[in-house]
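# Residue-level structural notes
Residues per chain, in single letters:
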Amino acid sequence: MCGIVGYVGDREAVEFLLEGLSKLEYRGYDSAGIAVYDGSVVRVEKSVGRLASLKEKIEDDMPKGCLGIGHTRWATHGRPSDRNAHPHTDCTGEFVVVHNGIIENYLALKEELIEQGHAFKSETDTEVVAHLLEAVYHGDFEAAVREVLRRIEGSYSLVFMSKKHPDRLICTKKDNPLVIGLGDGENFIASDIPAIIQRTRRTFILNDGEIAVVRKDSVDIMDRQGDPVTKKVFEVNWNAEAAEKGGYEHFMLKEIHEQPKAVRDTMSQRISKDGKEIVLEELKWTPEFLNSFNKIYIVACGTAYHAGLVGKFYIEKLARVMVEVDLASEFRYRNPIVDENTLLIVVSQSGETSDTLAALKESRRLGAKTLALTNVVGSSIAREADQVLYTWAGPEIAVASTKAYTTQLILFFMLALYMAEIKGTQTPERVRELIDLLKKIPAQISETLSDVEPIKTFARKYGFNEDVFYIGRSLDYDVALEGSLKLKEISYIHAEAYAAGELKHGTLALIVEGVPVIALATQKSVYEKTLSNIKEVKARDAVVIGIAAEGDEELQKYVDHVIKVPETDELLIPLLTVVPLQLLAYFAAITRGCDVDKPRNLAKSVTVE
Ligand code: M6R
């Protein structure tokens, strides 16, 4: 999981390389490097640490030249170090490569290349690609790249540069993203669109197996055999500002505040004009086909998995179909019972998560029909699935997922309601009532966001505790899981979520005086039972922050503080209760001085297993 960029044109390459990499640091940031050809030599500069370290290293002596490649790394093979940072070169320094992914057969290739006399400088899998290119090169750059691709196994997006062919870069991909930005007398290559939208909106999104030869005035795309491929230009319609922080201190805070819009965008066009029905025009399956499956799996990772848990609740409750939810990293290794009567729903903000993509491919192989819920148009998961429903959340840059989660919930809710309409498991009146309430959610999220001061105060007060517990029942438990993930990933506080009824089966032993417990109590059907569990932790002197719906006058009698969210149906309330939990995590991280948008050891998009 890394970010890669390339430039060919008439301007100083270093300008775009550094700018582009800064937009890709969400993909990894343990080291960075660039290589620029200055007309006589390829100068490679690398530095362990953030891109800022590289910038500092070269600021007084910037590499000159109009052809270059760059990389920001998240280590897989070889610890973060200058030596292991990309770009990697062959023995002569004439072939240079940047890579995102894993070369699975690199050890065998390395042995073979060492036997042939190649000297390796790093511990990475990537370096074999540079040496292999040197080994198979006989004067034809494109042919050599094709030969390299024939020999390597694994996942990759790659950009190749050669001193011998200073008019071009060659790039390709398999299971990792790559886009080409089309400029005027210059062209750009990047792992993701935010890196290039300052320069151009006209792009080619490469498919697996395609090879692009990128010159300043042309882009020629071919397949693995060298036969030309005709591609349509994809016009990016994102606002350039959408990929920036827009005045907020952090992307995460900006993205939390973008939720009303993201949620509104995701639901608009999917409700009939008269407000009576859900319409999912993008789904090309007939309603009968959608309802013909006898088994539904929802498979995802992290926050998307938590959204899947809520999705299961919605589909089972509204459409009365049984659903299993699984972690993508577990699912495919447990020989799942999947056949042509199975619907597999994968959820992924990025559409690039390696485990989710692999689960999707495996299920297709076993005959399942697949539906992707994703945020990134043209992503690997979007392309691989039979059908796609997009969350229109806009680019999510912060590592901690926020608006992706709420938009995923919206999509699940709409899908469940759509299935319920077809099956007749809910009356038209109930469907109408739920749609009316759904339409109010954006404004209710805005209301929840309008006063963040009390949450800031709690974060300051309890932000230095080492442990925090989250409890809830039913949908409140699902949201508790997401709240605890947010807190741990950005504030590094040990946070655990428990189904409130489970406390007495073990966890209660951890509740001692002063331990903060965030208790969600919005689900009416289990309200009394949740209150009993809250009393259990209060009796052990925990500090309890309750989350309740407006109109609840009971909870405050039993807890230390209450955060209220607007009233809605208990099915929809997770869209509101998660918001204070996101903010609590954010302000706790600020209190502790953590790097909110780039938490340690993590990256935005996990494109390795
Ligand atoms: O892009 P995806 O939705 O597939 O990503 C899945 C997880 O890696 C992601 O949700 C992760 O858990 C977030 N950092 C959580 O905030």
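Residues numbered from 1 in each chain as written. Predicted model: local features only at pLDDT ≥ 70, side-chain atom pairs only at ≥ 80, totals over all residues. Heavy atoms only, no water.

In this section: the sheet that holds strand E14 (residues 234-235). Taken in spatial order, the 8 strands line up as E3-E2-E4-E1-E10-E9-E11-E14 in an open sheet, and their pairing is antiparallel. Looking along the sheet, the strands with just one partner apiece sit at the ends: strand E3 (42-48) and E14. Across 2 bridges, the pairing between strand E11 (residues 202-205) and E14 is antiparallel. Within E14, the residue paired with Arg-202 across the bridge is Glu-235. Contacts between helix H1 (residues 13-24) and the sheet are confined to strand E1 (3-8), strand E2 (31-37), strand E4 (67-73) and strand E10 (187-190), with E1 contributing the most and set at about 160° to the helix. Packing against the sheet, helix H2 (residues 51-58) makes contact with E2 and E3, and its axis sits at approximately 130° to E3. (Pairing = 2+ DSSP bridges. Helix = DSSP H or I, 4+ residues; strand = E, 2+ residues; numbered from the N terminus. Contact = heavy atoms within 4.5 Å. Axes fitted to C-alpha atoms, helices over the stretch in contact; angles between N-to-C directions.)

Let us now look at the pairing of E2. Where a strand is regular, its side chains alternate between the two sheet faces. In terms of burial, E2 is largely enclosed, as 7 of its 7 residues are buried. What you see with E2 is no split at all: Ser-31, Gly-33, Ala-35 and Tyr-37 on one side and Ala-32, Ile-34 and Val-36 on the other are buried throughout. Across 7 bridges, E2 lies against E3 in antiparallel orientation. By the bridge assignment for E3, Ser-31 is matched with Val-48. The turn linking E2 back onto E3 is made up of 4 residues, and Gly-39 within it adopts a positive phi angle of 105°. The pairing of E2 with E4 spans 7 bridges and is antiparallel. Among the inter-strand pairings, Gly-33 is bridged to a residue of E4, identified as His-71. (Buried < 20%, exposed > 50% of the residue type's maximum accessible area, 1.4 Å probe, protein only.)

Assigned domains of the protein chain: these are domain 1 (2-244), domain 2 (254-439) and domain 3 (450-591). Relative placement of domain 1 and domain 3: their C-alpha centres are 45 Å apart. (Domains from an automatic or database assignment.)

Moving on: the nonpolar core. With 124 residues, the main nonpolar core has Ile-315, Ile-345 and Tyr-470 as its most contacted residues. Sort the elements by how many residues they give to this core and helix H13 (residues 403-423) lands first, with 13 residues. Every residue in contact with Tyr-470, bar those within four places of it in the chain, is listed here: Ala-480, Gly-483, Ser-484, Leu-487, Ala-495, Glu-496, Ala-497, Tyr-498, Ile-518, Leu-581 and Leu-584. By size, the runner-up hydrophobic cluster in this structure holds 27 residues, among which are Tyr-106, Ile-152, Ile-211 and Val-213. (Core = buried A, V, L, I, M, F, W, Y, C linked by side-chain atoms within 4.5 Å.)

A few words on helix H16 (residues 475-491). With 17 residues, H16 extends 24 Å from end C-alpha to end C-alpha; this agrees with the ideal 24 Å at 1.5 Å per step. Of all the 17 residues making up H16, 14 are buried; the element is thus mostly covered by neighbouring parts of the structure. Two residues or fewer after H16 comes Tyr-492, characterised by a positive phi angle close to 65°. (Expected span 1.5 Å × (residues − 1).)

Further remarks concern unusual backbone geometry. Of note, the amide linkage connecting His-86 to Pro-87 takes the cis form, showing an omega dihedral of 0°. Take Pro-87: it is sitting in the loop between E4 and strand E5 (88-89). Unlike most non-glycine residues, Asn-335 shows phi in positive territory, near 45°. Mapped onto the elements of the fold, Asn-335 is located in the loop between helix H10 (328-331) and strand E17 (342-348). For Asn-335, a relative accessible area of 68% gives the class exposed. Positioned with a positive phi, Tyr-492 is a non-glycine residue whose angle comes to about 65°. Within the secondary structure layout, Tyr-492 lies in the loop between H16 and strand E21 (494-499). Residue Tyr-492 is classed as partly exposed on the basis of its relative accessible area of 22%.

Here we take up the site of the ligand. Around the ligand, the structure places 14 residues, and the nearest of them are Ser-348, Gln-349, Ser-350, Thr-353 and Glu-489. In the environment of the ligand, an oxygen atom lies 2.6 Å from a nitrogen or oxygen atom belonging to the backbone of Gln-349. About the coverage of the ligand: the protein hides 91% of its 410 Å² of free accessible area. Looking at the shell around the ligand, the elements with two or more residues in it are helix H9 (302-319) and H16. Residues that form the shell around the ligand fall into these classes: 5 nonpolar, 7 polar and 2 charged. Each of domain 2 (254-439) and domain 3 (450-591) accounts for three or more of the residues forming the shell around the ligand. (Near = heavy atom within 4 Å. Polar contact = N/O pair within 3.5 Å; in protein donor to acceptor, adjacent residues only side chain to side chain. Areas by Shrake-Rupley, 256 points an atom, 1.4 Å probe, with all protein chains shown as cover. Nonpolar A, V, L, I, M, F, W, Y, C, P; charged D, E, K, R; others polar.)

A grouping of Phe-234, Val-377 and Trp-392 is seen on the molecular surface, where their side chains present a nonpolar patch of about 240 Å² in accessible area. Topologically, Phe-234 is positioned in strand E14. (Patch = residues over 30% accessible without salt bridge, like charges linked within 9 Å, V, L, I, M, F, W, Y side chains within 5 Å. Salt bridge = Lys/Arg side-chain N within 4 Å of Asp/Glu carboxyl O.)

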